[in-house]
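Structural description and commentary
What follows is the residue order along each chain.
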Amino acid sequence: MLPQDPHPDRRGGRVEPLRRQRAAPAPASTFQRRTVHLLLVFVTLVLVADSLVGEKGLLDSMRARREYREVAASLDSLRRENARMLEEVRRLKEDPAAIEAVAREELGLIRDGEVLFIIKDEKPPR
């Protein structure tokens, strides 16, 4: 025979284990809610401001992109100038007409048999 439970349940003879009742959380006061809300708004504003003007922020990124475009344009210009100069060097090495043109322009040289005219502008008398 089984021993009987000294405290039988009224509904079916089974005894339910005792459980601790959970305490309901106390409702937050209006002051606490407002304080938490203001704190969250402040933190959000600080994070947004930092992402805009902080190190590696939006303004820094925009400035870096602008500088990159300027440097890329300058580099492109320098490459074109370099190509032009290389072509000029090639012509001066290979083309006698190019050498003659430079001698005439920069050194003022003339060929045998040519006549040089020097014209000076004079200011009219007052």
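Residues numbered from 1 in each chain as written. Predicted model: local features only at pLDDT ≥ 70, side-chain atom pairs only at ≥ 80, totals over all residues. Heavy atoms only, no water.

The next subject is the overall build of the protein. When helices and strands are tallied, the protein shows three helices and zero strands. Counted from the first residue to the last, the protein has its helices and strands arranged as α-α-α. Every one of the 126 residues in the protein was classed for burial, and the buried ones make up 3%. Here the protein displays about 13,400 Å² of accessible surface, and carbon together with sulfur accounts for 59% of that area. (Helix = DSSP H or I, 4+ residues; strand = E, 2+ residues; numbered from the N terminus. Buried < 20%, exposed > 50% of the residue type's maximum accessible area, 1.4 Å probe, protein only. Areas by Shrake-Rupley, 256 points an atom, 1.4 Å probe, with all protein chains shown as cover.)

Next up on the list: the packing of helix H2 (residues 58-94) against helix H3 (residues 96-107). Working note: a packed helix pair is described by the angle between its axes plus the distance between those axes. Where H2 contacts H3, the axes come no closer than 5 Å and their chain directions differ by 105°. The orientation of H2 relative to H3 falls into the category roughly perpendicular. Touching Arg91, Leu92 and Glu94 of H2 are Pro96, Ala98, Ile99 and Val102, all from H3. (Axes fitted to C-alpha atoms, helices over the stretch in contact; angles between N-to-C directions. Parallel < 35°, antiparallel > 145°, perpendicular 65-115°, else oblique. Contact = heavy atoms within 4.5 Å.)

The backbone of lysine 56 shows a phi angle near 60°, a positive value even though the residue is not glycine. The topology assignment puts lysine 56 in the loop between helix H1 (30-53) and H2.

An ideal rise of 1.5 Å per residue puts 34 Å on 24 residues; H1 measures up with 34 Å between its terminal C-alpha atoms. In terms of burial, H1 is largely open, as just zero of its 24 residues are buried. (Expected span 1.5 Å × (residues − 1).)

This brings us to the pattern of salt bridges. Once their charged atoms are close, side chains differing in charge can pair, the charge on each being opposite to the other. Enumeration over the complete set of coordinates arrives at nine salt bridges. Across the salt bridge formed by arginine 84 and glutamate 88, the nearest N and O atoms sit 3.3 Å from each other. With arginine 84 and glutamate 88 both in helix H2 and four residues apart, this pair spans about one turn of that helix. When salt bridges with common partners are traced through the structure, they connect Glu100, Arg104, Arg111 and Glu114 into a single cluster. (Salt bridge = Lys/Arg side-chain N within 4 Å of Asp/Glu carboxyl O.)

Quick look at a nonpolar patch on the surface now. Together, Val48, Leu52, Val53, Leu58, Leu59 and Met62 give the surface a local cluster of nonpolar side chains, amounting to about 520 Å² of exposed area. Listed by contribution, the elements that provide at least two residues to the nonpolar patch are H1 and H2. (Patch = residues over 30% accessible without salt bridge, like charges linked within 9 Å, V, L, I, M, F, W, Y side chains within 5 Å.)

Across the protein, the average pLDDT comes to 85, with 89% of residues at or above 70. Considering each helix and strand of the protein separately, the mean pLDDT is smallest for H3, with a value of 89, and largest for H2, with 95. (pLDDT = per-residue confidence, 0-100.)

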